[in-house]
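Summary of the model geometry
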Number of protein chains: 2
Amino acid sequence: MSESPNSPTDTVRDEAVVAALREALPADAIIALDDDVMAAYAHDEGEWVPFGRPAAVVRPATAEQVQAVVRVCLDLGVPVVPRGAGTGLCGGANAIDGCVVVSLARMDAVLEIDPVESIAVVQPGVINDDLRAAAAARGLWYPPDPASAPWSTIGGNVATNAGGVCCVKYGVTRDYVIGLQIVTGTGELVRVGRRTAKGVAGYDFVGLLVGSEGTLGIVTEVTVKLRSARAPETTVAGYFDSLVAAGRGVAAVAEAGITPSALELLDRHCLEAVDAWKNMGLSAEADVVLLARTDLPGEAGVAEAQAIAAAFDAGGATFSVVAEDAEEADALFAARRLAYPALERLGPVLTEDVCVPRARVSEMLGRIETAGAAHGVHIANIAHAGDGNLHPLLIVPAGDEAAKAAAHRAFDDIIAAALELGGTVAGEHGIGLLKRGGLADEVDPAVMDLHRAVKTALDPHGILNPGKVVA
Amino acid sequence: MSESPNSPTDTVRDEAVVAALREALPADAIIALDDDVMAAYAHDEGEWVPFGRPAAVVRPATAEQVQAVVRVCLDLGVPVVPRGAGTGLCGGANAIDGCVVVSLARMDAVLEIDPVESIAVVQPGVINDDLRAAAAARGLWYPPDPASAPWSTIGGNVATNAGGVCCVKYGVTRDYVIGLQIVTGTGELVRVGRRTAKGVAGYDFVGLLVGSEGTLGIVTEVTVKLRSARAPETTVAGYFDSLVAAGRGVAAVAEAGITPSALELLDRHCLEAVDAWKNMGLSAEADVVLLARTDLPGEAGVAEAQAIAAAFDAGGATFSVVAEDAEEADALFAARRLAYPALERLGPVLTEDVCVPRARVSEMLGRIETAGAAHGVHIANIAHAGDGNLHPLLIVPAGDEAAKAAAHRAFDDIIAAALELGGTVAGEHGIGLLKRGGLADEVDPAVMDLHRAVKTALDPHGILNPGKVVA
């Protein structure tokens, strides 16, 4: 799980890479030659999986510079590992020994917001929240809202097909990306997709690239659809006395035919961690909280909020309430936002990302409790419950290797349970290195063959983030 | 554009195919051995492009039978051409000499409608309207609504990534398909995608298959997302005195930040053809009609309908009106529905499908008029105007080969103009054979290389509908 020391042979190899990069790029695009800086770019937040020691870290300012880097890597047969802000959780941006890490953070321009076409064109290093703000300034809205939105980049969101809170009603990153400029595995700089509202000209390379974690091409520009700004949301909270009861509340919302604009779950461990940090007094009131939102306009929104509260009650809530005002609603969602950092205070967190059918959320939450008990692992649950996308957070004491090993075993049990319940191993965080085994468990061996065939077709020299997604 | 006669060698080849199919399939799955029946399966509605003479036509009843057919074709090196209802307009289902045509029409079961997961699982031969009806019976809605919805199959809709009237607000077929069962180019029967609300496990083979016109796999089962039933729509009509003015009306709606649930255009030629057939008196009132709908609930819908009418006025409408009731609205949309059959009464129709940025609709409509005038071709315009997706209909007198040639020249001019205006050659009808040249004009040669690489990766023996999409 840490960098291996460089052998003399490795050093010669790495120096050749640096020399070639110096010829191909302006001086300010090559940032990292010393070990400290390089270490900061050696992995994303997927620290539970291995990472290597890059030969160089570059920060290109243009698509042509990215192309130049890929061509150097092609010439020398060196892997290229693209990265955005490094907020990924599966090691998709983890360095490989001797690779060139390409940070796209400098390419951070919002190139265009077009209200008539309802599109934005951005460079990959634009921060998610910055795109949202630029769109809002023109009366538009970019929905995908991963928890990392204040830090993560659109390029990284594209690489992982990032989701978020809005997805239960508005879908994920792939639902918004309509065009890409990419550098291919053979070093060509090309455009795929479109900037029109519709288009079926040829194979869907845009969809294929989204979620491919830099293994099929490096994204240098992104065109996304935007939506019109929406009505203010109304928040509904439901308190439950068990995870299984809260799962029934989720199913009751779906059974009522309601599509809320958010439907999140926080368990007792989250509530206690937030209370311990911010003294919000939440854990005295509930074991599990469901937080829903509706963004239907006017009276329709009022009716939907009441219908959600009624569904919570039907699912067995001990208490449900429609927030009276924005302040009350914000306080409730603050707990959701604070849960992850509050839990991180307790020790290293291994974040799970399984997604199961909505009707199985209750059962899956029970299986997670069982896995935690079986392996003696402290597991808190945050969930995009309305999507069936659960984030059990496996927390271990810092430096306790035995506890880490137990967490990995509980993690495997959770993956196996999700597959048994008709779910998927990865809802929105990607495969990277962490879930490669899970992917192979989920799909047919013949589908793994399809993965390898497409990987070879688009990256014939095997230089694009090799070893991620498919071994 | 017609079948070539079989040589004695061809006959021997075809008999070997039939003999192998007889061994692999039950008798009732092989339907066509005589010329008349075979001719009916030799092409779709893309009769303006060539089609060949199949060796056999089969109608499998199960996915395993489809797999058996593909394995026979692999053994004998024979192309396999899948087809749904044959309503495609680009020759994507046109037969190749000596191929096996696989009609999926018998596989027409709605296997599952699940209101809690909001999904449907169907066989590929299910008619679009039948899926919509099955969903509606459970309070759900399957949005994609191509004009062919009463006849076309979901499998065909998946193959072409079909669109329709709803797309301006609700997207196209690809936005709804989340899982597929397919027979691969190597004869494996596998599942790709998911049945959960979210999922990022591996490459997006579902998106890649949608719109690939049977060239990358044969679809044997489709899982789609459904939406909750929506509020009744309100219709708004705007009358304009020129195509260019109507184009300005479209832009005005977009500039006002409105996303209508439909925004269609009908020109004078359509109105006159409908009047000549059904005597609706439309062409006396307008040169061009825009028809919009809103499905926002309650007061929000009333406000949006008024805002659309105001945008039409701002764009230069001579008259605009919010329909008072469903009857008046239905009468207006009846003209839209009747336009295509009314025009087909006048002679063979070559249907275009370009899509341009919304802001360029007005200019593109002008360029279409210019192309018609330059080549002496009668061109009527139906358009999903809110998407910028235009269907200029090039109408020639039956049997007039010179007029047909002129229509092809006007068609090429229209494609060139769409590309010049930043559009795409294909909005929702696919590439098939008709738009292969247009696709090559639209994308970079390196992107055509990507197409060929993916085609080879997924169809290594070149048997899946060869020659469609990519030559």
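Residues numbered from 1 in each chain as written. Chains lettered and ligands numbered in written order. Predicted model: local features only at pLDDT ≥ 70, side-chain atom pairs only at ≥ 80, totals over all residues. Heavy atoms only, no water.

Let us look at the interface of chain A and chain B. Contact with chain A, which involves 70 residues of that partner, is made by 70 residues of chain B. Buried surface at the junction of chain A and chain B, summed over both partners, amounts to about 5500 Å²; 65% is from carbon and sulfur atoms. Looking at the side of chain A facing chain B, the largest losses of area belong to Lys-198, Val-200 and Tyr-203 of chain A, adding up to 17% of the total buried there. Across the pair Lys-198 of chain B and Asp-387 of chain A runs a salt bridge, and its minimum N-O distance is 3.4 Å. Counting only elements with at least two residues in the side of chain A that touches chain B, the list comes to strand S9 (189-193), helix H7 (205-209), helix H8 (243-255), helix H14 (436-442) and helix H15 (445-458) of chain A. Take the side of chain A that touches chain B: its biggest share by element is nine residues, from H15 of chain A. The residue makeup of the side of chain A that touches chain B, split by class, is 33 nonpolar, 23 polar and 14 charged. (Contact = heavy atoms within 4.5 Å. Buried area = accessible area lost by both parts, 1.4 Å probe. Salt bridge = Lys/Arg side-chain N within 4 Å of Asp/Glu carboxyl O. Helix = DSSP H or I, 4+ residues; strand = E, 2+ residues; numbered from the N terminus. Nonpolar A, V, L, I, M, F, W, Y, C, P; charged D, E, K, R; others polar.)

The next point concerns the relation of the copies chain A and chain B. For the match of chain A to chain B, the screw axis carries a shift of 0.0 Å, the RMSD comes to 0.0 Å, and the turn is 180°. What the superposition gives is, in effect, a two-fold axis relating one chain to the other. Looking at the interface residues of chain A, 100% of them are also at the interface in chain B, so both copies use one shared face. (Least-squares fit on C-alpha atoms with pLDDT ≥ 70 in both.)

Scanning all chains against the criterion turns up 10 aromatic pairs over all chains. Ring centres 6.0 Å apart and planes at 80° place the aromatic pair Phe-240 of chain B and Phe-312 of chain B in the edge-to-face group. Linking Phe-240 of chain B in strand S12 (residues 234-240) with Phe-312 of chain B in helix H10 (residues 298-315), this pair joins segments that are 72 residues apart in sequence. The ring of Phe-333 of chain A is capped by Arg-293 of chain A, whose NZ or CZ atom sits 3.6 Å from the centre of that ring. Over the face of the ring belonging to Trp-48 of chain A we find Lys-404 of chain A, whose NZ or CZ atom lies 5.0 Å from the ring centre. (Phe/Tyr/Trp six-rings, centres within 6.5 Å; stacked < 30°, edge-to-face > 60°. Lys NZ or Arg CZ within 6 Å of the ring centre and 35° of its normal.)

Counting 193 residues, the largest nonpolar core has Leu-180, Phe-312 and Met-364 of chain A together with Leu-180, Phe-312 and Met-364 of chain B as its most contacted members. Ignoring any residue separated from it by four or fewer positions in sequence, one finds Met-364 of chain A in contact with Val-354, Val-356, Leu-390, Ile-414, Ala-417, Ala-418 and Leu-421 of chain A. (Core = buried A, V, L, I, M, F, W, Y, C linked by side-chain atoms within 4.5 Å. Buried < 20%, exposed > 50% of the residue type's maximum accessible area, 1.4 Å probe, protein only.)

Let us now look at the domain arrangement of chain A. Residue and element names in this part refer to chain A. Along its sequence, chain A is organised into domain 1 (8-103), domain 2 (110-228) and domain 3 (234-420). Placing a centre on the C-alpha atoms of domain 2 and another on those of domain 3 gives a separation of 28 Å. Every contact between the two is made by seven residues of domain 2 and, on the other side, 12 residues of domain 3. For domain 2, the biggest contributors to the area lost against domain 3 are Val-165, Val-168 and Lys-169; these three give 74% of the whole. Linking domain 2 with domain 3 are one salt bridge. Between domain 2 and domain 3 we count three residue pairs in polar contact (both at pLDDT 80 or more) in total. Class assignment for the residues of the side of domain 2 that touches domain 3 results in five nonpolar, one polar and one charged. (Domains from an automatic or database assignment. Polar contact = N/O pair within 3.5 Å; in protein donor to acceptor, adjacent residues only side chain to side chain.)

Residues and elements named next belong to chain A. Unusually for a residue other than glycine, Val-469 sits at a positive phi of about 65°. By the element assignment, Val-469 lies in the segment after H15. The class for Val-469 is buried, based on a relative accessible area of 1%.

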